[in-house]
Amino acid sequence: MEDVTATLSKPALKIGPYEVDPPVVLAPMAGITNVAFRRLCREYGAGLYVCEMITARAVVERHPGTMHMMAFDQGEYPRSMQLYGVDPKTMREAVKIIVGEGLADHIDSNFGCPVAKVTRKGGGAALPYKRKLFAQIVRASVEAAEAAGVPFTVKFRIGIDDDHHTFLDAGRIAEAEGAAAVSLHARTAAQRYSGKADWSAIARLKEAVQTIPVLGNGDIFTADDALRMVAETGCDGVVVGRGCLGRPWLFGELEAAFAGRPIPEGPSLGEVAQVLRRHAELLVQHDGHDKAMRDLRKHMAWYFMGFPVGSELRRRFAMVSSMDELDELIAQLDHAAPFPADALGPRGRQGSPGKVTLPHGWLDNPDDDLVPEAEDMHSGG
Ligand SMILES: Cc1cc2nc3c(=O)[nH]c(=O)nc-3n(C[C@H](O)[C@H](O)[C@H](O)COP(=O)(O)O)c2cc1C
């Protein structure tokens, strides 16, 4: 375990008016961090739990599916939403709607998506390269949000690739334009989710951005990783994504670690099955039975990672179609099997690096402020 003295003596993380204690944020993950998954995570520990990314244009157009995705649980506070947009006007309008109608208490933004269909049009991780446009988007959003006292934060990557780093400018610009905090996923878009996050970039961002919190993100798979990131980079808080897939109790471990308490033992297979069942119930409450079952299937491999579950049983879990069937499958598990040590490593997306597709001539002039045509985006960051 890391020496937590330095970590424990840091001032509490504040994002706008909200104290985030422990300084832990659930990373927005499209298709994952819906109201059910956030509730499940929140039952283990405090922190800030960000909603799935919402497209600014869909908010402005009041797309029914999007409005459903913007749901929060009764006890969820602050309600944290992530917006994606590439155009200052649409972002301003979307933020105005959200704060005007009291739909969220905190708004984050996504400038880190590496997906080709997004960067090809100048969106996601390609956007901060256009410094003026990026500044305009942050300013427009902050202006609209601050009218209601809602903090606006910005999440980005190191840059497009190793020759085009954008994170230091992005951090300074976000700070100057009034963002309440910045988060850095310490990879370039070209890395996608491959290789290792370069935590030294988080330390450099922390030096460059003096007046607002800097949150570090990338490759936190254990509570110990989180303490180590804070100790190594000086960041003010951590953002945890893939590490909690199939492991929502990680937030309890993080809370214990940041409080200097011993980290609880990982759950047995029987306990994991109860978590999985709770996840299913929460999904059914929000999305109805059929959608819930479809959504749950993608979590199965994560829940059972490293546990002795035979391939036939795994396959049946991954195709589960009803709560009764889920119970029948759960009954077949070896409930006493202890939490496996090898389940602590990387999980979720990894993929391989690749060249980032950009609009023609995108890199010619970082200071033009053309608004890219990209707006549709459904695949996250
Ligand atoms: C399935 C999935 C969906 C994601 N969706 C989003 C998203 O909508 N917005 C965003 O800013 N980042 C998104 N990300 C990136 C994460 O927020 C996070 O930055 C990244 O996974 C690195 O953190 P980690 O190493 O803790 O997973 C997504 C990641 C995954 C794995």
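The name that an unreviewed UniProt entry assigns to the protein chain is tRNA-dihydrouridine synthase, with the source organism given as Amycolatopsis deserti. Checking UniProt for the protein chain, the heading Cofactor (unreviewed entry) contains the comment "FMN". Looking at the protein chain in UniProt, the text filed under Function (unreviewed entry) is "Catalyzes the synthesis of 5,6-dihydrouridine (D), a modified base found in the D-loop of most tRNAs, via the reduction of the C5-C6 double bond in target uridines."

Structural notes on the packing of helix 12 (residues 269–287) against helix 13 (residues 289–297)
Interaxial distance between helix 12 and helix 13 falls to 7 Å at its minimum, and their mutual angle equals 140 degrees. As summarised for this structure, helix 12 and helix 13 are arranged oblique, according to the angle between their axes. The handedness of the crossing between helix 12 and helix 13 is right-handed. Across from Leu-276, His-279, Ala-280, Leu-283, Val-284 and Asp-287 in helix 12, the residues of helix 13 making contact are His-289, Lys-291, Ala-292, Met-293, Asp-295 and Leu-296. Of the residues assigned to the contact of helix 12 with helix 13, the class counts are seven nonpolar, two polar and three charged.

Here's the deal with the domain arrangement of the protein chain
Here the domain parsing of the protein chain yields domain 1 (4–259) and domain 2 (269–340). Using only C-alpha atoms to locate each centre, domain 1 and domain 2 end up separated by 29 Å. Counting residues at the interface gives 17 residues for domain 1 and 14 residues for domain 2. Roughly 1,400 Å² is buried in total at the junction of domain 1 and domain 2, and carbon and sulfur atoms are behind 69% of that figure. Looking only at domain 1, the three residues that lose the most surface to domain 2 are Ala-36, Leu-40 and Trp-249, adding up to 29% of its buried area.

Remarks on empty space enclosed by the protein
Applying the stated criterion across every chain yields a total of one cavity of 30 Å³ or more. Considered as a void within the structure, the largest cavity measures approximately 80 Å³ in volume. Lining the largest cavity are Ile-15, Val-25, Pro-28, Leu-48, Val-50, His-106, Asp-108, Thr-153, Lys-155, Ser-183, Leu-215 and Val-239. When contributions to the lining of the largest cavity are tallied by element, the ones reaching two or more residues are strand 4 (48–55), strand 6 (106–111) and strand 7 (152–161). Taken together, the residues of the lining of the largest cavity break down into seven nonpolar, three polar and two charged.

A closer look at the UniProt feature "domain: DUS-like FMN-binding" (unreviewed entry) in the protein chain
Residues annotated in UniProt with the feature "domain: DUS-like FMN-binding" (unreviewed entry) correspond here to residues 26–330. Structurally, residues 26–330 is divided into 46% helix and 16% strand, and its ends, taken at the C-alpha atoms, are 27 Å apart.

Section: the layout of surface pockets
One simple way to see leftover space: roll a probe sized like a water molecule over the atoms. Approximately 450 Å³ is the volume found for the largest pocket. Lining the largest pocket are 30 residues, with Pro-28, Met-29, Tyr-193, Arg-242 and Arg-349 positioned closest to its centre. Secondary structure elements with two or more residues in the lining of the largest pocket: strand 9 (181–188) and strand 11 (237–240). Of the residues in the lining of the largest pocket, the class split is 13 nonpolar, eleven polar and six charged.

As for the packing of aromatic side chains
Within this structure, the stated rule accounts for six aromatic pairs. Judged by centre distance (5.1 Å) and plane angle (65 degrees), the ring pair of Tyr-49 and Phe-251 falls under edge-to-face. Linking Tyr-49 in strand 4 with Phe-251 in helix 11 (residues 250–258), this pair joins segments that are 202 residues apart in sequence. One aromatic cluster in this structure is built from Trp-249, Phe-307 and Phe-339. One Lys or Arg, Lys-130, reaches over the ring of Trp-362 and ends 4.7 Å from the middle of that ring. In this arrangement the basic side chain of Arg-157 is found over the ring face of Tyr-193, its NZ or CZ atom lying 5.0 Å from the centre.

A look at the packing of helix 10 (residues 223–233) against helix 11
At a minimum axis separation of 8 Å, helix 10 and helix 11 run at an interaxial angle of 45 degrees. Comparing their axes, helix 11 and helix 10 come out oblique. Here the hand of the crossing between helix 10 and helix 11 comes out right-handed. For the pair helix 10 and helix 11, contact is made by Ala-223, Ala-226, Leu-227 and Val-230 and by Leu-250, Glu-253, Leu-254, Ala-257 and Phe-258, respectively.

Overview of unusual backbone geometry
Pro-22 follows Asp-21 through a cis peptide bond whose omega is 0 degrees. Of note, Pro-22 is situated in the loop between strand 2 (18–20) and strand 3 (24–26). Even without a glycine there, the phi angle at Arg-192 is positive, about 50 degrees. Examined against the element boundaries, Arg-192 turns out to sit in the loop between strand 9 and helix 9 (199–208). One non-glycine residue, Asp-219, lies in positive phi territory at about 70 degrees. Along the chain, Asp-219 turns up in the loop between strand 10 (214–217) and helix 10. Note on Asp-219: relative accessible area 17%, which makes it buried.

Thresholds applied
- Residues numbered from 1 in each chain as written.
- Predicted model: local features only at pLDDT ≥ 70, side-chain atom pairs only at ≥ 80, totals over all residues.
- Heavy atoms only, no water.
- UniProt positions renumbered as here; feature names shortened; annotations may be inferred.
- Axes fitted to C-alpha atoms, helices over the stretch in contact; angles between N-to-C directions.
- Helix = DSSP H or I, 4+ residues; strand = E, 2+ residues; numbered from the N terminus.
- Parallel < 35°, antiparallel > 145°, perpendicular 65-115°, else oblique.
- Left-handed = near helix turned anticlockwise from the far one by under 90°.
- Contact = heavy atoms within 4.5 Å.
- Nonpolar A, V, L, I, M, F, W, Y, C, P; charged D, E, K, R; others polar.
- Domains from an automatic or database assignment.
- Buried area = accessible area lost by both parts, 1.4 Å probe.
- 1 Å grid on protein atoms, 1.4 Å probe; cavity = no way out; pocket = protein on both sides within 12 Å on 5 of 7 lines; lining within 4 Å.
- Points joined across faces, edges and corners; volume = space filled by probe spheres on them.
- Phe/Tyr/Trp six-rings, centres within 6.5 Å; stacked < 30°, edge-to-face > 60°.
- Lys NZ or Arg CZ within 6 Å of the ring centre and 35° of its normal.
- Buried < 20%, exposed > 50% of the residue type's maximum accessible area, 1.4 Å probe, protein only.

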